[in-house]
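Residues per chain, in single letters:
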Amino acid sequence: LGSTNDLLLGAKQKVLPRLVEMLSPRYSRRARFHAAYAIRCLGDDVMRAVPCIIDNEALMPLVSIIAEEKIPHPLLREALVTVKDVAKFPGTPYTARLVECGALHALQHIGSDLRIDKPYAGMSDRIGLG
């Protein structure tokens, strides 16, 4: 049968398309966070998950989350980790997709926005996004 990831990422189960749908702003923050977290956890197996993430059009909703104003820090972190997994995929076949989705602009925006880290500056147990 394979691993749990093989089962969850299989086209027959349609788990990933449902998670991608839940990234939409029409869902609650909690639902969006859990969907982004689940996709990020599936992405721990980069070689298996990244092609499925691309095939299921998950990249655009994740980049949209990164580009949103006043996005909750935990949701932003999950989206960033998944986009990083796509970027570090061996051979970088998905780099053009990242650029097409506007990831470069979104990442430059949050990289230059010091307001994102400000609420967490005084917390010793929190690691900043930068």
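Scoring rules and cut-offs
- For every chain, the first residue of its written sequence is number 1, and the numbers climb from 1 along that sequence.
- Since the coordinates come from a predicted model, pLDDT governs what is reported: local features require at least 70, and pairs of side-chain atoms require 80 or more to be given and counted, while whole-chain, interface and lining totals use all residues.
- In computing side-chain values, all of the structure's heavy atoms are included and hydrogens and water are not.
- Where helices and strands are cited, they refer to DSSP runs of H or I of at least four residues and of E of at least two residues respectively, numbered from the N terminus.
- The rule is simple: take the accessible area with a 1.4 Å probe, protein chains only, and divide by the maximum for that residue type; under 20% is buried, over 50% is exposed, in between is partly exposed.
- The contact rule is simple, with two residues in contact once any of their heavy atoms fall within 4.5 Å.
- Taken from the helix axis, the directions to the C-beta atoms give the arc we talk about.
- For helices, the axis comes from a line fit to the C-alpha atoms of the stretch in contact; other axes are also lines fit to C-alpha atoms, and the angle between any two N-to-C directions lies between 0 and 180 degrees.
- Angle categories are assigned with fixed cut-offs, so that under 35 degrees is roughly parallel, over 145 is roughly antiparallel, 65 to 115 is roughly perpendicular, and the rest are oblique.
- With the far helix as reference, a near helix turned anticlockwise by less than a right angle produces a left-handed crossing, and one turned clockwise produces a right-handed crossing.
- Three classes are used: nonpolar for Ala, Val, Leu, Ile, Met, Phe, Trp, Tyr, Cys and Pro, charged for Asp, Glu, Lys and Arg, and polar for all others, with Gly counted as polar.

**Considerations on the overall build of the chain**
In step 1: Of the regular secondary structure elements, the chain holds eight helices and zero strands.
In step 2: Starting at the N terminus and ending at the C terminus, the chain contains elements arranged as α-α-α-α-α-α-α-α.
In step 3: For the chain, with 130 residues in total, the buried portion stands at 38%.
In step 4: Long-range pairs, those at least 24 residues apart, make up 64% of the contacts in the chain between residues at least 6 apart in sequence.

**Section: helix α8 (residues 103-111)**
In step 1: Every buried residue of α8 is listed here: Ala103, Ala106 and Ile110. The buried residues of α8 occupy an angular sector of 65° when projected down its axis, which confines them to one face. Exposed residues pointing more than 90 degrees away from the buried face of α8 are listed as Leu104, His105, Gln108 and Gly111.
In step 2: Against α5 (59-67), α6 (73-87) and α7 (95-100) lie the buried residues of α8.

**Brief notes about the environment of asparagine 56**
In step 1: Note that asparagine 56 resides in the loop between α4 (46-55) and α5.
In step 2: When the C-alpha atoms of asparagine 56 and arginine 18 are compared, they prove to be 9.6 Å apart, with 38 residues separating the residues in sequence.
In step 3: In this view, asparagine 56 contacts Leu16, Pro17 and Val20; residues no more than four positions away in its chain are not counted.

**Comments concerning the packing of α5 against α8**
In step 1: The interhelical angle for the contact between α5 and α8, taken along N-to-C directions, is 25°, at an axis separation of 9 Å. Between α5 and α8, the crossing angle belongs to the class labelled roughly parallel. For the element pair α5 and α8, the recorded crossing hand is left-handed. Across from Val63, Ile66 and Ala67 in α5, the residues of α8 making contact are Ala103, Ala106, Leu107 and Ile110.
In step 2: Of the residues contributing to the contact of α5 with α8, the split by class is seven nonpolar, no polar and no charged.

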